[in-house]
Each structure stands twice: as C-alpha cells, then as structure tokens.
Amino acid sequence: MTFAELGLNQAIQKALADSGYTEPTPVQAQAIPAALEGRDLMVSSQTGSGKTAAFMLPAIQKFSSAEPAKSGPTPNQERQSARARGDRPRFQAAQPKMLVLTPTRELALQVTSATEKYGAQTKGLKVVAILGGMPYPKQMQLLSRNPEILVATPGRLIDHMESGKIDFSQLQILVLDEADRMLDMGFIEDIEKIVAATPQTRQTLLFSATLDGLVGRMAQKITQNALVIKLSGPSAKHQNIEQRMHFVDDLSHKNRLLDYLLRDVSIDQAVVFTATKRDADTIADRLNIAGFSAAALHGDMHQVARNRTLSAMRAGQVRVLVATDVAARGIDVPTISHVFNYDLPKSPEDYVHRIGRTGRAGRNGLAISLVNHAENMNVRNIERFTKQQIPVDIIAGYEPKKTAATSKPISKSGWKPGGARAPARTESRFGKPGAPKREGFSRPDAPRKDGYKGARTGTSARREYGDR
Ligand code: AMP
C-alpha cells in the first residue's frame, strides 16, 4: 500500500517522502480513505502508531483543494481598514475549519509541528496551537491570522471561546486526540461545551487508546454513523519495547541503581519518570552533578521553559529527561532508547503511555521500572492490563536485600546493559495460586448519570498539565 493508493495528492506525498515515510502505517491505511470520504471515525490505536497523520493528511488535502475563501476582507485586512478609517480596532473572531483537541500542551505542540511538516508543500495552510501557559496577547495575534487549523487544549480554548475570540460556525472537522486521556484528566464538561459550539454538519474523528466505557459512550454521542477502526485495545502490546523491573529496598538503593543503569552505553537518550515535580527537579539536579546531562520537565515549569527543554532533548543536548506524567504523552523523540520508572505511575494506562515514549517510529526500546516490594500489587495491575509479564532483573552488586515473597527464578536474561552484570531473573508474580486478590486503581466517585466517575487526579491533573 502506498500513500498515492490511499488517494493522497502529490503535494502531500512529497511532504511525506521528505519526512522519510515510505508507506502508510496500519492506522493510516485504514483511516485515511474513510476520512477522505468525509466519514466520522472512532479509532482505537496505540501511542506512536502514526495517528496524527491519519487524521491530519485527509484534512490538509481537503483544505488544499477547497475553493479559495470568497472575496471579502480577512480579519487582518478588516483591522487595517478600520485603523485607516480611524475606527477603534475590533477583534475579528477566528473561524477555523478544523479543531484538534488534545489533553496536553506537549501533544498539542507535537500535532502542530507534525501538521506543519505534512502541509509543507501545501500552499497557504495556517495552523495555530492554543494552549495554557502561553501569553494571551500572543495567542490573540496568532488567532488574528485566522488559521484553518487550530490545535488546542480544552481549558484555554474555552477561555477564548467565551471571550468571543473564536467562532466555530465554519468548522468542518473536529478531532479528539487521546480522548480517553482527556476524560481521565477531567475535561468531559469542557469537551461537551466545545462540541456543542461546533456545527452538527462537522466531520468528527475520535482517537483513543480504548473505545470501551465512558469514552466509547461519548464517541457514540458525538459521531454520526462512524466507521469503527480497532487497531489495538488499551493494553496494546509494545512488541518492540522490552520491559524489565528491579526490586529496590529503599531510596538510596533506588538512586544507586538508577545511576548504574544510566551509565549503560547503549542508552541514546532516556526519560526518567517520577511521581512528583519536586523529585523531578531533585533527581535532575543530582544527575547533573553526577555528570549526566539531565533536565527536568514538569507542570510547574513555565511553558517557555518546557518547550526549551524539549527542544534541547530533540537536539540531543539533553541525554536524560527527568519528568512527571506531563511527559507521558506527546513526547515524540525517536532517539529515546530507554524509559525508567523511578516511581511507578498511578495507573496501568499511564504505564503504557510512559513506556511508549521509547520504541518510536519502529525502533526498539527498553523500559525499566524500579519497584519497591510494597508496590507489588501495582505491578500486577499493570501486568494484568498489558497482558504481559514484566521480568524481574537483578544486577550483581545491586541485589535487593529483601526478595519478593511470591517470586521465583526463571530463564536467564538475554539483555545486558553495558555487559557488566550477570543477570538472574525472576518470574513476575502474575497469577500465582494463593496470591492476594488484585485491586483496581481507585478513582474518586462523582455523581454523573453517564457513568463518568471524575478525573483520576482532578484539579491537580489540570494544574500539572497547566491547561489554562
Ligand atoms: P504519532 O502516532 O502520530 O505520534 O506518530 C508516531 C511517530 O511515527 C512519529 O515520529 C511520526 O513521525 C512517525 N510516523 C508516522 N507515520 C509514519 C509513517 N507512515 N512512516 C514512518 N514513520 C511514521
């Protein structure tokens, strides 16, 4: 299958060839023809599957072949003539044709730069990102260009809608990217408000790790006669990502082990995930002192600083990014070879997204979790969710004093970072007879008729992701 066979025009084919894409990914092969026909889509696909191009390429094609806008002044021309007439300048609301909603700023910026890449050969296409943390005057200036495509996080978008800066009456395509994550972060009401402000005639494309439960019900509500494309469930196997875990006794053991593992010469770039922003800062500082080129990334950082850190990562100036879950989605740096869970994530879904930061664009990756014995249950939940066992690894000289009560040795390790250890591996405790009953991750209950149980981390998630 080629991009030409999917019905994409030559300008797009050229941009894709320039990006080094030789053939469509499975999600692109299935979604693009249907999206070009104008159908609504409900797609479950794993992170890193090429979904951005799956929704963006048909849109770029549609806008490139559209009639140029009927004569009439652009918002900029309006303002200039108002100024010439001596009138008070009036802000003309932007009238985008496409809106892409994403859960995080990082993902929004990622989608925006991918769109610029895919539309590089298509004349006159304007794409603008509207996200929290950016100064309002700058965003007004971007909106005054009247872009065809808006990529936005929900909170800040609503601020602009409410102050009359955006008018969705001309909207043709609405995309919900990582819809499950948006619901998880508590954006359901914002999404409902935004959807209600768009025309019924729109084409709706929803992408999510899962189409089960609430996200599936919401998808049914906002799409019409949608084509359902199921490429993977929530527990999509990252076949190209090897997973390992190490038991640690305490913080000092964990830090020593992390330092050892980071000295592996096979690491190109790594992301170390921490549970708190403070730990992200502390560990980044500590690693810098230890001679690693490390940088922190978390939601308390100003957006400009976050962007600068990500650019430094992309440019290869940062080798170890120490991040909170703000980085678990939307970071697409193909040279990230390793992911470390310094702390386990709050949910198995987050685990899947974290490890998906490596093994991008068909490469191999390695995900290593440092696990306290008390976190055994969380590991089991992850294993049950991914339907994959996470082998336990032990490094000579860094053995835990305690051993997992329910673990037992299995086959020899084939993976030796730096070749400097003799790994002995133990089986995960998945499905052992007599093992304590597994528990799900708790979510706060909130009374909504549609079954929505509230954001997993509610307000704190919003603060973390700094949407406004
Ligand atoms: P996405 O799932 O859209 O975030 O894409 C994941 C990664 O795959 C990004 O680095 C894309 O540049 C890359 N990618 C997307 N489509 C293709 C393709 N057809 N061939 C090769 N790489 C691709």
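Relevant structure appears above.
Residues numbered from 1 in each chain as written. Predicted model: local features only at pLDDT ≥ 70, side-chain atom pairs only at ≥ 80, totals over all residues. Heavy atoms only, no water.

### Here we look at the overall build of the protein
Link 1 in the chain: Within the protein, the secondary structure is distributed over 16 helices and 15 strands.
Link 2 in the chain: Across the 468 residues in the protein, those meeting the buried criterion constitute 55%.
Link 3 in the chain: Across the protein, every contact between residues at least 6 apart in sequence was considered, and the portion connecting residues at least 24 apart equals 77%.
Link 4 in the chain: Of the accessible surface of the protein, which amounts to about 20,300 Å², a share of 51% is contributed by carbon and sulfur atoms. (Helix = DSSP H or I, 4+ residues; strand = E, 2+ residues; numbered from the N terminus. Buried < 20%, exposed > 50% of the residue type's maximum accessible area, 1.4 Å probe, protein only. Contact = heavy atoms within 4.5 Å. Areas by Shrake-Rupley, 256 points an atom, 1.4 Å probe, with all protein chains shown as cover.)

### A word on the site of the ligand
Link 1 in the chain: Around the ligand, 14 residues are found, and the nearest of them are Tyr 21, Gln 28, Gly 50, Thr 52 and Asp 332.
Link 2 in the chain: At 2.4 Å from an oxygen atom of the ligand is found a side-chain nitrogen or oxygen belonging to Tyr 21.
Link 3 in the chain: Between the ligand and the protein, one listed contact pairs an oxygen atom with a side-chain N or O atom of Thr 52 at 2.6 Å. (Near = heavy atom within 4 Å. Polar contact = N/O pair within 3.5 Å; in protein donor to acceptor, adjacent residues only side chain to side chain.)

### Describing the pairing of strand S4 (residues 149-152)
Link 1 in the chain: Alternating positions in S4 separate into two faces, Ile 149 and Val 151 on one and Leu 150 and Ala 152 on the other, with burial throughout.
Link 2 in the chain: For strand S2 (residues 98-101) and S4, the ladder comprises 4 bridges, and the chain directions are parallel. Paired with Leu 101 across the strands is Ala 152, a residue of S4.
Link 3 in the chain: Judged from the 4 bridges that link them, strand S3 (residues 127-130) and S4 form a sheet pairing that is parallel. Along S4, the bridge assignment pairs Val 128 with Leu 150.
Link 4 in the chain: With respect to chirality, the unit in which S3 leads through helix H6 (residues 136-143) into the neighbouring parallel S4 is right-handed. (Pairing = 2+ DSSP bridges. Right-handed = clockwise from strand over helix to strand, strands pointing away.)

### Notes on the side chain of Arg 202
Link 1 in the chain: Topologically, Arg 202 is positioned in the loop between helix H9 (188-196) and strand S6 (203-208).
Link 2 in the chain: The charged side chain of Arg 202 is buried without a salt bridge, its nearest counter-charge being Asp 40 at 6.3 Å.
Link 3 in the chain: At 2.8 Å, the side chain of Arg 202 and the side chain of Thr 204 are in polar contact.
Link 4 in the chain: From its side chain, Arg 202 meets the backbone oxygen of Ile 222 in a polar contact 2.8 Å long. (Lys, Arg positive; Asp, Glu negative; His and termini not counted. Salt bridge = Lys/Arg side-chain N within 4 Å of Asp/Glu carboxyl O.)

### Brief notes about the packing of helix H2 (residues 26-36) against helix H3 (residues 51-64)
Link 1 in the chain: Running from N to C, H2 and H3 point in directions that differ by 25°, and their axes come no closer than 9 Å. Classified by the angle between their axes, H2 and H3 sit roughly parallel to one another. Considering how the two elements wind past one another, H2 and H3 form a crossing that is right-handed. Residues Val 27, Gln 28, Ala 31, Ile 32, Ala 35 and Leu 36 of H2 lie in contact with H3, whose contacting residues are Lys 51, Ala 53, Ala 54, Leu 57, Pro 58 and Gln 61.
Link 2 in the chain: By residue class, the composition of the contact of H2 with H3 is 9 nonpolar, 2 polar and 1 charged. (Axes fitted to C-alpha atoms, helices over the stretch in contact; angles between N-to-C directions. Parallel < 35°, antiparallel > 145°, perpendicular 65-115°, else oblique. Left-handed = near helix turned anticlockwise from the far one by under 90°. Nonpolar A, V, L, I, M, F, W, Y, C, P; charged D, E, K, R; others polar.)

### Description of the nonpolar core
Across soluble globular proteins, you tend to see nonpolar side chains buried next to one another.
Link 1 in the chain: Core analysis: the biggest nonpolar cluster contains 74 residues, and Met 98, Leu 99 and Leu 157 have the highest contact counts within it.
Link 2 in the chain: Considering each element in turn, this core owes the most residues, 8 residues, to H3.
Link 3 in the chain: Excluding anything up to four places from it in sequence, Leu 157 contacts Leu 99, Leu 101, Ile 130, Leu 150, Ala 152, Ile 166, Phe 168 and Ile 194.
Link 4 in the chain: Core analysis: the second largest hydrophobic core is formed by 28 residues, Ile 241, Phe 273, Met 301 and Leu 310 among them. (Core = buried A, V, L, I, M, F, W, Y, C linked by side-chain atoms within 4.5 Å.)

### Side note on the packing of H6 against helix H7 (residues 154-162)
Link 1 in the chain: Put simply, H6 and H7 touch, their axes get as near as 12 Å, and they point 70° apart. On the basis of their axis angle, the class for H6 and H7 is roughly perpendicular. On H7, the residues touching Tyr 136, Gln 139 and Leu 143 of H6 are Arg 156, Asp 159 and His 160.
Link 2 in the chain: Across the contact of H6 with H7, the residue classes tally to 2 nonpolar, 2 polar and 2 charged.

### Here's the deal with the pairing of strand S13 (residues 365-372)
Link 1 in the chain: Here S13 lies mainly inside the structure; 7 of its 8 residues are buried.
Link 2 in the chain: Judged from the 8 bridges that link them, strand S8 (residues 241-248) and S13 form a sheet pairing that is parallel. Counterpart to Val 248 in the pairing with S13 is Asn 372.
Link 3 in the chain: Of the pairings in the sheet, the one linking strand S12 (residues 336-341) to S13 comprises 4 bridges and is parallel in character. When the sheet's bridge partners are listed, Asn 341 is paired in S13 with Ser 369.

Any functional reading would require information that these geometric values do not contain.
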